[in-house]
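So the chains spell out like this:
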Amino acid sequence: MSGDLAADIKRFALHELGFSLAGIAGADPLAGGARLAEWLTRGNHGTMAFLADTAAVRCDPGRFLAGARSVVCVAMSYHEASAPPGPAAAPEQAAVARYARRPDYHRVIRTRLVRLGRFLAARAPGAAWRPAVDTAPLLEKELAQRAGLGWIGKNTCLVNRTLGSEILLGELVTDVTLPPDRPETDHCGTCSACLTACPSRAFEAARLLDARRCLAYATIEHRGDFPAALLPSLGNRLFGCDACQSACPWNRRAGPSCVPALAPRDHLAGLSRAQLGRIDREGWATVAAGTPLRRLDYPRLVRNLQAIARGGELRGGA
Ligand code: B12
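On to the packing of helix α1 (residues 3-16) against helix α6 (residues 105-123). The relative placement of two packed helices comes down to the angle between their axes together with the axis-to-axis distance. For the pair α1 and α6, interaxial distance at closest approach is 10 Å and the crossing angle is 150°. Here α1 lies roughly antiparallel to α6, going by the angle between them. You can see that α1 and α6 cross each other, and the crossing is right-handed. Between α1, through L5, D8, I9, F12 and A13, and α6, the contact on the second element is made entirely by R115, L116, F119, L120 and R123. When grouped by side-chain class, the residues that make up the contact of α1 with α6 number seven nonpolar, no polar and three charged.

Further remarks concern the sheet that holds strand β3 (residues 93-96). The three strands are arranged β10-β3-β11 in an open sheet whose pairing can be described as mixed. Unpaired on one side and paired on the other, β10 (237-239) and β11 (271-272) mark the two borders of the sheet. Here β3 pairs with β10 via two bridges, running parallel. Paired with V96 across the two strands is F239, which belongs to β10.

Okay, the site of the ligand next. Residues in close proximity to the ligand total 38 residues, the closest being E140, K141, E142, N155 and L158. Between R35 and the ligand, the recorded distance is 3.5 Å, taken from a side-chain N or O atom to a nitrogen atom. Between the ligand and the protein, one listed contact pairs an oxygen atom with a side-chain N or O atom of E142 at 2.8 Å. For the shell around the ligand, the element with the most residues is helix α2 (residues 32-41), which contributes four residues. Along the lines of polarity and charge, the residues of the shell around the ligand split into 23 nonpolar, six polar and nine charged.

Take the nonpolar core next. Ranked by size, the top nonpolar core spans 57 residues in total, and within it Y99, L116 and W284 carry the most contacts. A per-element tally of this core places α6 first, with seven residues. Among residues more than four places away in sequence, those in contact with L116 are I9, F12, A13, L17, V72 and L172. L51, C73, L163 and A202 belong to the second-largest nonpolar core, a separate cluster that totals 41 residues.

So, how was this worked out
- Residues numbered from 1 in each chain as written.
- Predicted model: local features only at pLDDT ≥ 70, side-chain atom pairs only at ≥ 80, totals over all residues.
- Heavy atoms only, no water.
- Axes fitted to C-alpha atoms, helices over the stretch in contact; angles between N-to-C directions.
- Helix = DSSP H or I, 4+ residues; strand = E, 2+ residues; numbered from the N terminus.
- Parallel < 35°, antiparallel > 145°, perpendicular 65-115°, else oblique.
- Left-handed = near helix turned anticlockwise from the far one by under 90°.
- Contact = heavy atoms within 4.5 Å.
- Nonpolar A, V, L, I, M, F, W, Y, C, P; charged D, E, K, R; others polar.
- Pairing = 2+ DSSP bridges.
- Near = heavy atom within 4 Å.
- Polar contact = N/O pair within 3.5 Å; in protein donor to acceptor, adjacent residues only side chain to side chain.
- Core = buried A, V, L, I, M, F, W, Y, C linked by side-chain atoms within 4.5 Å.
- Buried < 20%, exposed > 50% of the residue type's maximum accessible area, 1.4 Å probe, protein only.

Written out as structure tokens, the structure is:
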């Protein structure tokens, strides 16, 4: 077990690759597997079949990479203390969640994880490694908690005591045995601001989100017609939702820590609904290029814009 190698890997991740946090977790199976199975049985995942299809791998890094012994967990901050709480955009604008108003973190984090893998392999010849960001079948938040990067808050997001929860996660799974860091403990205490702030009442309990009632799910992941029950609470949200994070006192307290690689694209903070309503497929591809917005195809852009308008009618407003 090489303590020096572990320290060098974390130093390289923080100082050469520009990650905000880095820590090491053991690769043994995750306790969250049972909760995930129960969550799936309840249907809380909606149309996200990919979660059910890969459930067995998600809670066992050893099935993600044969012979896995350690997981290097990293995080990148997009937190701008100046960002106002609530949907930033005015009613005539389309609100895009803060994580999505910037270069696509999947690419930003993955290219750096590949460099981290090469750094590891240079120091440990023959080492096997595999990068993972978001779409890879792993319970990223539970691994990050195990690696000491933060704890799973009541809104189910990973929260760091200094940076808050506006951090995006990535992992490098390897068959090299590295000394693990100490897991972080829960610091939510009696606060439940996130649970009450959710505009669509998506939390059935602390750390239990019914994705079918989550506006981030409805605008980004849901396949099919927009869920009618969520129209009144949608507001002008086009892509994602920040409500349960904006309400979190840890985000209120955290200073600005957005990394340069995730610097915001200002035009995405005030997209006009009227202009988007006139845009064609190519036009949308240009607006979404290089950002997480690419996950929203053109038919669902149109669906979400229509849902915002119908929601407004239901509220008797714009
Ligand atoms: C599916 C998914 C979603 C779904 C479902 C969210 C969810 N909570 O599951 C939807 C589309 C709704 C979604 C929304 C968002 N997402 Co998302 N998403 C994922 C994904 C791909 C899988 C998460 C998963 O496994 N869910 C399954 C359920 C069962 O897990 P869970 O709800 O987290 O519950 C666990 C914990 O509660 C835990 N637990 C721990 N202790 C305890 C104690 C008790 C008593 C209980 C009950 C449970 C519990 O057990 C459960 C199983 O692990 C991850 C990437 C990954 N591969 O991990 C990104 C990820 C979680 N998403 C991310 C982001 C940024 C978001 C949004 C903030 C985007 C936005 N602004 O719109 C929102 C936040 C909404 C929210 N409050 O979660 C980031 C979160 C970073 C962070 N700081 O936590 C991730 C890690 C992607 C990344 N690589 O950065 N997401």
